[in-house]
Amino acid sequence: MHENLNIKMATNRTFTMLKPDAVEKGHIGAILEKINASGFRIVAMKLTQMTRTDAETFYAVHKERPFFGELVEYMTRGPIVAAILEKDNAVEDFRTLIGATNPADAAEGTIRKLYAASIGENAVHGSDSDENAAIEGDFHFSGREQF
Ligand code: IDP
Ligand code: MG
């Protein structure tokens, strides 16, 4: 029973970044408060800045898109908060909490509705699958930094 519970929780993680615009505008505290209030446990967290190579690697899936250069500029221009979050159904529930990619389409009360300026500068990242959550978390944190 307890072993099963632990195995289940270990797979229910997602990865997030509070992006440079959110950090610049002083929204770290408010966004973390919302994440906590929504039942996520922080299992890793740091203030860091992505290099150009980091951003190109992290967003490699978008490298053919017209906004790729702009995205890399944006994501490298200042510090971000990177974090791994744990909760039942973490990936899906976090995507619901952050809202649509374009804040104009995001539901009332979502993080992007509250804090995002545009489809490009949209305040926060959330992994889109369990597989990507693990890849993205491991990209930013060593095993010793994941609690
Ligand atoms: P997601 O972050 O909601 O998963 P994706 O489509 O995976 O959205 O795009 C990754 C990131 O690329 C977005 O969060 C946003 O910062 C940026 N982006 C997406 N679409 C556009 C666009 O049309 N113009 C500019 N930037 C975009
Ligand atoms: Mg995405």
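Treat the numbers as computed from the prediction; the structure is a model and nothing was measured.

What counts and what doesn't
Residues numbered from 1 in each chain as written. Chains lettered and ligands numbered in written order. Predicted model: local features only at pLDDT ≥ 70, side-chain atom pairs only at ≥ 80, totals over all residues. Heavy atoms only, no water. Near = heavy atom within 4 Å. Polar contact = N/O pair within 3.5 Å; in protein donor to acceptor, adjacent residues only side chain to side chain. Areas by Shrake-Rupley, 256 points an atom, 1.4 Å probe, with all protein chains shown as cover. Nonpolar A, V, L, I, M, F, W, Y, C, P; charged D, E, K, R; others polar. Salt bridge = Lys/Arg side-chain N within 4 Å of Asp/Glu carboxyl O. Helix = DSSP H or I, 4+ residues; strand = E, 2+ residues; numbered from the N terminus. Buried < 20%, exposed > 50% of the residue type's maximum accessible area, 1.4 Å probe, protein only.

Visitor: I keep staring at the site of ligand 1 and nothing clicks. Help me out?
Guide: Residues in contact with ligand 1, as listed here, are K19, Y59, H62, F67, E70, L71, R95, T101, R112, I119, G120 and N122. Measuring from an oxygen atom of ligand 1, one finds a side-chain N or O atom of K19 at 2.9 Å. Between ligand 1 and T101, the relevant distance is 2.5 Å, taken from an oxygen atom to a side-chain nitrogen or oxygen of the residue. When ligand 1 sits alone it has 530 Å² of accessible area, and the protein chains cover 80% of it. Residue composition of the shell around ligand 1, grouped by class: four nonpolar, four polar and four charged.

Visitor: What's the story with the pattern of salt bridges in this structure? I'm lost.
Guide: Side chains that carry opposite charge are capable of pairing whenever their charged atoms lie near each other. On inspection of all chains with the given rule, the structure shows eight salt bridges. Measuring nitrogen to oxygen at the nearest pair gives 2.3 Å for the salt bridge that ties E73 to R52. Of this pair, E73 sits in helix α5 (residues 68-76) while R52 sits in helix α4 (residues 52-58); the two residues are 21 residues apart in sequence, bridging distant segments of the chain. Note that E121 and R77 form a salt bridge whose closest N and O atoms lie 2.8 Å from each other. Here the residue E121 occupies a position in the loop between α7 (111-115) and β4 (124-126), and R77 occupies one in the loop between α5 and β3 (80-86), the gap between them amounting to 44 residues. The partly exposed category is assigned to E121, whose relative accessible area is 26%. Each of the salt bridges in this network shares a partner with another, and the network as a whole consists of R13, R41 and E86.

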